[in-house]
Amino acid sequence: MKRVFSGVQPTGNLHLGNYLGAIRNWVALQEDYECIYCVVDQHAITVFQHPAELTASTREVAAGLIAAGIDPEKHILFNQSQNPDHANLAWVFNCIARLGWLNRMTQFKEKAGKHRENASVGLYAYPNLMAADILAYKATHVPVGEDQKQHLELARDIAQKFNNDFKTNIFPQPEPLILGTATRVMSLRDGTNKMSKSDPSKYSRINLTDTADDIAQKIRKAKTDPEPLPSSADGLAGRPEAQNLIEIFAALSNVSRDDALAANAGKQFSKFKEELTDLAVSVLGPINTEMQKLVSDDTYIDDVLAKGAERARAISEPIMADVFKTIGFVAP
Ligand code: TYM
């Protein structure tokens, strides 16, 4: 059976990187897979979040996912903390994963930076919780952006070690699905840095909550270089900003990078940026409008999340019972 699981943190606005790298693919996968999508609030608190902001952000992200095309009736959408099986299995995985494995995680190194001693234990153990998210449902496929690849490899290692240690085959090896032309969308201010919610410059990212004017302004201000756009991929070498904007263009218009280059060869950035703005507004505008409607109705969103959590738990509960029995925990 093919089951998809993926998650997104409610630590601020959803941005174009989340949309092109992940959410758009989540929507498409609904056709062929049973999908479980999760607003991972327990991951969010690995770095302090103001409670009211966490609440608002959880609802806003859920609204964004529905507005983008996630169907919470056919598939499952919920927030992580409403199903305690994630934390339960994460504890088991804390006892399976090795310190050496976690020490290799580049995202922890980036996030903890120079203040490693001051980072929360949760931030360090974060990949174990992520493995638990996936394996609590025995998910087989995990659509993510490029930046999550290493965490996915760790989840596979954890699944395998659990199976080996306990001489079982409870857990599948989850496959990462890194799809499309924009698997790593870069900052609009610096084409060598990932577009991220934590970048202090608001001009570095386009949010799903941005108006058409915001989008136009951000694209106008996006860093570029003085050369016109090249006609082939070779001409993008050493031009990270040009490469990023072309990849965004390709992803938004659903064409390959080569086709996007062919369509824009020789153009000045000023002209290209106008076209990119129109394209971005045409794709993101309808999502934004729908999202505005949904965020004004907390009751609806909370109801979707609660019902989703109940359905999620119905899947994870028997799997957890099996895991506990395998470990040797006494249960009725
Ligand atoms: P998060 O919240 O940082 O991002 C959500 C999804 O968006 C993708 N993404 C990007 N893709 C392309 N370009 C970018 N600039 C960009 N920024 C973010 C991410 O790869 C991700 O797919 N640890 C995860 C959440 C998580 C999860 C899971 C994912 C928790 N448990 C289980 C899969 C399975 C995270 O922080 O994603």
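Residues numbered from 1 in each chain as written. Predicted model: local features only at pLDDT ≥ 70, side-chain atom pairs only at ≥ 80, totals over all residues. Heavy atoms only, no water.

*Asks:* Which parts of the structure should I look at to understand the domain arrangement of the protein?
*Replies:* Many authors give the size of an interface as the accessible area that is lost as the parts come together. On domain assignment, one finds that the protein holds domain 1 (3–183 + 297–327) and domain 2 (202–293). One C-alpha centre belongs to domain 1, the other to domain 2; they are set 29 Å apart. Each partner contributes residues to the interface: domain 1 has 15 residues there, and domain 2 has 20 residues. Run the count over domain 1 and domain 2 and you get zero salt bridges. Counting every contact that joins domain 1 to domain 2 gives four residue pairs in polar contact (both at pLDDT 80 or more). A per-element tally of the side of domain 1 that touches domain 2 places helix α3 (residues 51–68) first, with five residues. Looking at the side of domain 1 that touches domain 2, its residues break down into eight nonpolar, four polar and three charged. (Domains from an automatic or database assignment. Contact = heavy atoms within 4.5 Å. Salt bridge = Lys/Arg side-chain N within 4 Å of Asp/Glu carboxyl O. Polar contact = N/O pair within 3.5 Å; in protein donor to acceptor, adjacent residues only side chain to side chain. Helix = DSSP H or I, 4+ residues; strand = E, 2+ residues; numbered from the N terminus. Nonpolar A, V, L, I, M, F, W, Y, C, P; charged D, E, K, R; others polar.)

*Asks:* Looking at this model, I keep getting lost on helix α1 (residues 16–29). Mind explaining?
*Replies:* Note on helix geometry: an α-helix contains 3.6 residues per turn, so any two residues three or four positions apart are oriented the same way. Between its terminal C-alpha atoms α1 stretches 19 Å, which fits the 20 Å expected from 14 residues at 1.5 Å a residue. Helix geometry: α1 is bent most strongly at Ala22, by close to 40°. Burial of α1 is extensive: 12 of the 14 residues sit out of reach of the surface. Restricting attention to buried positions, one finds in α1 the residues Leu16, Gly17, Asn18, Tyr19, Leu20, Gly21, Ala22, Ile23, Arg24, Asn25, Trp26 and Leu29. (Expected span 1.5 Å × (residues − 1). Bend = angle between axes of the 7 residues up to and from the residue. Buried < 20%, exposed > 50% of the residue type's maximum accessible area, 1.4 Å probe, protein only.)

*Asks:* Teacher, can you tell me more about empty space enclosed by the protein here?
*Replies:* The final tally for this structure, using the stated rule, is one cavity of 30 Å³ or more. Its boundaries defined by the atoms lining it, the largest cavity holds a volume of some 70 Å³. Contributing to the lining of the largest cavity are Met105, Gln107, Phe108, Lys111, Leu123, Tyr126, Pro127 and His151. Every element with two or more residues in the lining of the largest cavity is listed here: α6 (106–112) and α7 (121–135). Considered class by class, the residues forming the lining of the largest cavity number five nonpolar, two polar and one charged. (1 Å grid on protein atoms, 1.4 Å probe; cavity = no way out; pocket = protein on both sides within 12 Å on 5 of 7 lines; lining within 4 Å. Points joined across faces, edges and corners; volume = space filled by probe spheres on them.)

*Asks:* What is the right way to look at the pairing of strand β1 (residues 3–8) in this model?
*Replies:* Each regular strand carries side chains that alternate between the two faces of the sheet. Judged by how many residues are buried, β1 sits mostly within the fold: five of six residues are covered. In this sheet, strand β2 (residues 34–39) lies alongside β1 in parallel orientation, the contact comprising six bridges. Bridge pairing in β2 links Ser6 to Tyr37. Read from β1 through α1 to β2, the crossover connection turns out right-handed. (Pairing = 2+ DSSP bridges. Right-handed = clockwise from strand over helix to strand, strands pointing away.)

*Asks:* Sorry, what's going on with the side chain of Ser57 here?
*Replies:* Along the chain, the position of Ser57 falls in helix α3. On the basis of relative accessibility, which here comes to 9%, the residue Ser57 falls in the buried class. Among the polar contacts made by the side chain of Ser57, one reaches the main-chain carbonyl oxygen of Pro10 at a distance of 3.3 Å. Every residue in contact with Ser57, bar those within four places of it in the chain, is listed here: Pro10, Thr11 and Gly12.

*Asks:* Help me understand the site of the ligand in this model?
*Replies:* Contacts to the ligand come from 28 residues, most closely from Tyr126, Asp133, Gly145, Asp147 and Val185. A distance of 3.1 Å separates an oxygen atom of the ligand from a polar atom in the side chain of Asn18. Measuring from an oxygen atom of the ligand, one finds a side-chain N or O atom of Lys197 at 3.3 Å. Here the ligand occupies the largest pocket. Elements with a contribution of two residues or more to the shell around the ligand: β1, α1 and α7. When grouped by side-chain class, the residues that make up the shell around the ligand number 12 nonpolar, 11 polar and five charged. (Near = heavy atom within 4 Å. Sits in = over half its atoms within 2 Å of the grid points.)

*Asks:* Where do I start with the pattern of salt bridges in this structure?
*Replies:* In a structure, side chains of opposite charge can pair up when their charged atoms sit close to one another. Counted under the stated rule, the structure contains 17 salt bridges. Notably, a salt bridge pairs Lys307 with Asp303, separated by 2.8 Å at the nearest N-O pair. On the criterion of helical spacing, the pair formed by Lys307 and Asp303 is a turn pair, its members being four residues apart in helix α13 (residues 298–327). Accessibility expressed as a relative area gives 37% for Asp303, which makes it partly exposed. Salt-bridge contacts for Arg313 lead to Glu317; the nearest nitrogen and oxygen are separated by 3.8 Å. Here Glu317 and Arg313 lie together in helix α13, a separation of four residues that amounts to about one turn. Owing to a relative accessible area of 31%, Arg313 belongs among the partly exposed residues under this scheme.

*Asks:* Sorry, what's going on with the side chain of Arg3 here?
*Replies:* Tracing the backbone shows Arg3 in strand β1. Separated by 3.1 Å, the side chains of Arg3 and Glu34 make a polar contact. At a separation of 2.6 Å, a polar atom in the side chain of Arg3 contacts the main-chain carbonyl oxygen of Tyr137. Residues within four places of Arg3 in sequence aside, it is in contact with Tyr33, Glu34, Ile36, Tyr137, Ala139, Thr140, His141, Ile315 and Ile319.

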